[in-house]
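Residue-level listing of the chains:
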Amino acid sequence: MATTSIPSLAGIEAPDREDPVLSFRTALPLGLQLLFWTVYGVVFYGTLLRYLPFPPIAQHLALWAAGSGLAISSFMGFGLHLLLDTTLHPIGKTAGVLGTVAGSGAGWGGLYYWGAEALNPFAGPVLNLTATLPGQGALLTWPLAFPLLLLLWSGLALGVRHLYQQQVQRRQLLEAEMAAERARLRMLRYQLNPHFFFNALNTIGALAENAPGQVQTAVRELSGFLRYTLLDSTESPETSAVQVVPLQDELEAARHYLTVEKIRFEEDLQWTVDLDEESAAQRIPAFLVLPLVENAIKHGQRTSPSPLRVAIRGQMTTAAPSAPSQLVVEVTNTGHLRSEGHLRSEGKGGTGTGLDNVRARLDARYADHSRFALTEKDGRVRARIEIDADALDKPPTTDA
């Protein structure tokens, strides 16, 4: 899965303003069209030789048939593109396509017959529809062959055009999903920062008076957390995907956060971070775990006996010996779950927006390959994230 940019879709870029000629050339590249008519010319030459034992003449006729077909199909394709972009009813569009193909086929047949008379001295008896002389039996010179060939070509062109439109729509959907994920990330960051920074600055102000020696530590830890929150500030939201980071970076930011909170709450807060080596390198969306840590502090301090204990754990596990591995991240705190109604009655805010965004981001990025649960047992609240290993963003590779 791409981690820093929207994946290219078969090399097709959606133009900002669709131009009919450009769009049609993108849908059916000139190389594909030339290949179609080259194959047609070769087959035409081979079938004509059976009835016209003059290779140079057959070669000239094949070149004329393929060249005129290429010209007619190019004009017809442009017309079909304009027709399909109208607001006509599908039945009307279908009738228009068939009429365009039939008319173009008749025009191509007439153009071929006109050129054949100039290139082939035997064209008179050969092209006479009621003649029985050699040459009449070439299947590709029958009048119905011309519209049928253009119908086949139209099917190919419209099929590739449909594929192109699907790719453009897929790209637009990816861009919309990426924009939504970035918006959710910013919401989480803006929700976290004001409360934390306000309290941290008050703590530093108090330390300056009562414990000046700890000011440097508090500022250093706050700076480390701030650096992490600004990790994607230099990227363009329009061109960049949501930042993904190693789990160890996310939890290092959590350590900075908890250290500042420890200075604030002193002995009323105890915390631990346990991260195994394999899970530390796994890449996850930034700000996926931090909202859970912030929730543990914010709600735990109101429901937990002193001291509040917060534990963060990350590990790779398997549900069964034959089951695929998964990344598990747990944030636990002493205390109790608080209902949304309880929070509102206290006027404290925090109606679960952060948790809802975590769920939404997991669903958007990993779909059925992730799970999130918030539970309470034995006086502890546990927020648990599970992500299947196969769905995790792969770390970038470097050439030796």
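About the cut-offs
Residues numbered from 1 in each chain as written. Predicted model: local features only at pLDDT ≥ 70, side-chain atom pairs only at ≥ 80, totals over all residues. Heavy atoms only, no water. Pairing = 2+ DSSP bridges. Helix = DSSP H or I, 4+ residues; strand = E, 2+ residues; numbered from the N terminus. Axes fitted to C-alpha atoms, helices over the stretch in contact; angles between N-to-C directions. Contact = heavy atoms within 4.5 Å. Salt bridge = Lys/Arg side-chain N within 4 Å of Asp/Glu carboxyl O. Buried < 20%, exposed > 50% of the residue type's maximum accessible area, 1.4 Å probe, protein only.

Per an unreviewed UniProt entry, the chain carries the name Signal transduction histidine kinase internal region domain-containing protein and comes from Salinibacter ruber.

Turning our attention to the sheet that holds strand β6 (residues 370-377). With mixed pairing, five strands are arranged side by side in an open sheet as β2-β4-β5-β7-β6. Two strands close off the open sheet at either side, each with one partner strand: β2 (269-275) and β6. Strand-to-strand twist in this sheet, taken as the mean axis angle between neighbours without regard to direction, amounts to 10°. Where strand β5 (residues 325-334) lies against strand β7 (residues 380-388), nine bridges are found, and the strand directions are antiparallel. Counted as the bridge partner of Val331 is Ala383 from β7. This element, helix α8 (residues 247-265), spans β2, β4 (308-318) and β5 of the sheet and lies at about 165° to β2.

The next point concerns the pattern of salt bridges. Think of it this way: side chains of opposite charge can pair up when their charged atoms draw near. Taken as a whole and assessed by the stated rule, the structure comprises ten salt bridges. A salt bridge links Glu330 to Arg384, with the shortest nitrogen-to-oxygen separation between them at 2.4 Å. Here Glu330 is found in strand β5, whereas its partner Arg384 is found in strand β7, with 54 residues between them in sequence. Note on Arg384: relative accessible area 25%, which makes it partly exposed. One salt-bridge network, held together by shared partners, links Arg313, Glu330, Arg371, Arg382, Arg384, Glu386 and Asp388.

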